[in-house]
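One letter stands for each residue in the lines below.
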Amino acid sequence: ILCGATLVPFSDSEKLMPGKTIRKYGITFWHSVPSAIDLIDRANQINNEMLGSLRKASFCGEQLYKSQLDKLFTAKPDLIVFNTYGPTEATVFCSLVKLNSENYKEFSNKTVTIGDAIDGMRIELVGMENGIGEICISGRNVSLGYLGASTKEESPFFFTEIDGLRSPCYYTGDYAYYENNHLFFQGRKDGQIKR
């Protein structure tokens, strides 16, 4: 409303052909899971004709791969991409990295870094083994717990003090590691599937 933009939620069928939907509506900012890039690629829609209106894209919910960015930036070199990370318990995302065709390789190995904590959030790796630790997030975006949770003894939520203020924290169950000062998602400690 403040920017004069229109929100375009994709229908189920449009989600299967995101390139055509981006072209059809002249979408300028696309927020999606990274696997949608693979759908566009399989449909031969990663090109300037389909993605020409895009100025920015943000990805969350899955690992973003360098190979996916290779294709996007080849088709749309002026695109700005935000890769983010965060569970629902942190009001969706708590880290961010801003990428363009000039810098994305320095933030990538096979996958792309999940970035640095956004303002008001903190990310720490706990229980480190062989350079890999569980992501623990804290800050104002973290939930206070699960509604109706019966026990606090095994809860992944707790409180700590940050800058003199009591702050909620959450053990995510996600593993990550640092490489060249960039944080990379490694996997989960369990087989949790979120819907």
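Residues numbered from 1 in each chain as written. Predicted model: local features only at pLDDT ≥ 70, side-chain atom pairs only at ≥ 80, totals over all residues. Heavy atoms only, no water.

K.L.:
Is there a simple way to explain the sheet that holds strand 2 (residues 56–59) in this structure?
P.N.:
Adjacent strands of a sheet pair through backbone hydrogen bonds, lying either parallel or antiparallel. Pairing is mixed in the open sheet, where 5 strands are placed in the order 1-2-3-4-5. Only two strands of the sheet have a single neighbouring strand rather than two, namely strand 1 (29–32) and strand 5 (116–117). Of the strand pairs in this sheet, strand 3 (residues 80–85) and strand 4 (residues 95–99) are connected by 5 bridges, and their pairing is antiparallel. Considered in strand 4, the bridge of Asn83 is made with Val97. (Pairing = 2+ DSSP bridges. Helix = DSSP H or I, 4+ residues; strand = E, 2+ residues; numbered from the N terminus.)

K.L.:
Would you mind going over the pairing of strand 4 with me for this structure?
P.N.:
Side chains on a regular strand alternate between the two faces of the sheet. The side-chain alternation of strand 4 yields one buried face, formed by Ser95, Val97 and Leu99, and one unburied face, formed by Leu96 and Lys98. Inspection of the sheet shows strand 4 paired to strand 5 by 2 bridges, in the antiparallel sense. Each residue of the ladder has a partner; that of Ser95, found in strand 5, is Ala117. (Buried < 20%, exposed > 50% of the residue type's maximum accessible area, 1.4 Å probe, protein only.)

K.L.:
Got a minute to help me understand helix 3 (residues 35–42) in this structure?
P.N.:
Think of an α-helix as 3.6 residues a turn; residues three or four steps apart then line up on the same face. Buried within helix 3 are the following residues: Ala36, Ile37 and Ile40. The buried residues of helix 3 all sit within an arc of 105° when viewed along its axis, so they share a single face. Against helix 2 (18–25), strand 1, helix 4 (48–51), strand 2 and helix 5 (66–75) lie the buried residues of helix 3. (Arc of directions from axis to C-beta. Contact = heavy atoms within 4.5 Å.)

K.L.:
Where do I start with the side chain of Glu14 in this structure?
P.N.:
Inspection of the secondary structure puts Glu14 in helix 1 (residues 12–16). Classification of Glu14 as buried rests on a relative accessible area of 14%. In this structure Glu14 touches Pro9, Thr21, Lys24 and Tyr25, once residues within four positions along its chain are discounted.

K.L.:
Can you help me understand the environment of Lys105 in this one?
P.N.:
Examined against the element boundaries, Lys105 turns out to sit in the loop between strand 4 and strand 5. Distance in space between the C-alpha atoms of Lys105 and Gly26 is 28 Å, their sequence separation being 79 residues.

K.L.:
Mind showing me how you'd approach the pattern of salt bridges here?
P.N.:
Any two side chains of opposite charge can pair if their charged atoms end up close together. For the structure on display, the rule yields 8 salt bridges. Of the charged contacts, one joins Lys24 and Glu14 as a salt bridge, the two residues approaching to 3.8 Å between their closest N and O atoms. Here Lys24 is found in helix 2, whereas its partner Glu14 is found in helix 1, with 10 residues between them in sequence. Across the pair Arg23 and Glu49 runs a salt bridge whose closest N-O atoms are separated by 2.8 Å. You can see Arg23 sitting in helix 2 and its partner Glu49 sitting in helix 4, a full 26 residues away along the chain. By relative accessible area, which is 39% here, Arg23 ends up partly exposed. On the basis of relative accessibility, which here comes to 57%, the residue Glu49 falls in the exposed class. (Salt bridge = Lys/Arg side-chain N within 4 Å of Asp/Glu carboxyl O.)

K.L.:
Explanation requested: the pairing of strand 9 (residues 165–179) in the structure shown.
P.N.:
Pairing analysis gives 6 bridges linking strand 7 (residues 132–139) to strand 9, with the strands arranged antiparallel. Its bridge partner lying in strand 9, Ile137 is registered against Tyr170. Looking at chain direction, strand 8 (residues 157–162) and strand 9 are connected through 6 bridges and run antiparallel. Counted as the bridge partner of Phe157 is Tyr170 from strand 9. Between strand 8 and strand 9, which pair antiparallel in sequence order, lie 2 residues; one of them, Asp163, sits at a positive phi of approximately 50°. A loop of 2 residues connects strand 9 with strand 10 (residues 182–188), the two strands running antiparallel in sequence, and Asn180 in this loop sits at a positive phi of about 50°.

Geometry only, nothing functional implied.
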